Amino acid sequence: LKVSSLDAIGVVTDIDSFETQLNSFSAANNASFSMGGVSNSVNRKKLMDLPEGKKVYAAYRKDTRLYMCTSDAVYFFDNNAYTKVKLPSGVTLSNVFDWSVTSIGVYTVFASRNCTPFALQDGVVDAVKLPGWADADRITRIVSFQNMLVAIGVYMGSTEFPQRVVWSDVAVGNNLPPSWT
């Protein structure tokens, strides 16, 4: 189910991210998007209101956190409140509509063709750059596979490699993968 904005109503449950379109909401089990906020579908309890005028372009649930990606910020909902993720130095978000989000170990990884890939550790507010990627590099789609990450549609600086697939090295002991091949 593709939800283009929070003005529409929709629920995504039990759909693997590889079975949805790149810009579909995925991995947000039992969440309803309606009237500018996110609700739990089971009891319709209001979970979160985003700041005025914000639209969600991707939602990702990991354990108790629900991540909400807008065009210029990433928020997470945890402990009945939302928090804005602090981006690492050199990462800026502007007009980001094509989010790709996955998780590996204790990290949630965010990528887009409009920003440098970054990751957020569970229980932390400060994000870090994904190791092995320069400030000008971009990833169209990122997925986790066992204890590795796979990047698809790579931009190296200003050069686009739409069919390039890049594998990370193995992520050991709840760390991000140190390099890519």
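What counts as what
- Residues numbered from 1 in each chain as written.
- Predicted model: local features only at pLDDT ≥ 70, side-chain atom pairs only at ≥ 80, totals over all residues.
- Heavy atoms only, no water.
- Core = buried A, V, L, I, M, F, W, Y, C linked by side-chain atoms within 4.5 Å.
- Buried < 20%, exposed > 50% of the residue type's maximum accessible area, 1.4 Å probe, protein only.
- Helix = DSSP H or I, 4+ residues; strand = E, 2+ residues; numbered from the N terminus.
- Phe/Tyr/Trp six-rings, centres within 6.5 Å; stacked < 30°, edge-to-face > 60°.
- pLDDT = per-residue confidence, 0-100.
- Contact = heavy atoms within 4.5 Å.
- Salt bridge = Lys/Arg side-chain N within 4 Å of Asp/Glu carboxyl O.

1. Side note on the nonpolar core
Of all hydrophobic cores here, the largest spans 17 residues; its most connected members are Cys69, Val74, Leu93, Trp99, Phe110, Phe118 and Leu120. Put simply, the parts of the chain that give this core at least two residues each are β5 (58-62), β6 (65-69), β7 (74-78) and β11 (115-121). With 16 residues, the next largest nonpolar core counts Val109, Ala111, Ala119 and Leu149 among its residues.

2. Observations regarding the packing of aromatic side chains
Enumeration according to the criterion identifies eight aromatic pairs in this entry. Considering the side-chain rings of Trp99 and Phe110, the 6.3 Å spacing of their centres and the 85° angle between planes classify their relative orientation as edge-to-face. Of this pair, Trp99 sits in the loop between β8 (81-84) and β9 (100-104) while Phe110 is found in strand β10 (residues 107-112), placing the two residues 11 residues apart along the sequence. Here the aromatic rings of Trp133 and Trp180 are separated by 5.2 Å at their centres, their planes lie at 70°, and the arrangement is edge-to-face. Pair noted here: Trp133 is in the loop between β12 (128-129) and β13 (138-145) and Trp180 is in the segment after β15 (159-167), with a separation of 47 residues, a long-range link. Given a relative accessible area of 15%, Trp180 falls into the buried group. Chaining the aromatic ring pairs together yields one cluster made of Tyr67, Phe76, Trp99, Phe110 and Phe118.

3. Comments concerning the confidence of the model for the protein
In the predicted model, the protein carries a mean pLDDT of 77, and the fraction of residues at 70 or more is 71%. Predicted confidence is poor over residues 1-15, with pLDDT under 50, and the contacts of this stretch with residues over four places away or in other chains come to 44 contacts. Note that pLDDT drops below 50 for residues 20-28; the model gives that stretch 29 contacts with residues more than four away or on any other chain.

4. With respect to the pattern of salt bridges
If charged atoms from side chains of opposite charge come close, those side chains can pair. For the structure shown, the criterion picks out three salt bridges. A salt bridge links Lys62 to Asp122, with the nearest nitrogen and oxygen atoms 3.0 Å apart. With Lys62 in strand β5 and Asp122 in the loop between β11 and β12, this pair connects stretches of sequence that are 60 residues apart. Here Asp135 and Lys129 are joined by a salt bridge, their closest N and O atoms 2.3 Å apart.

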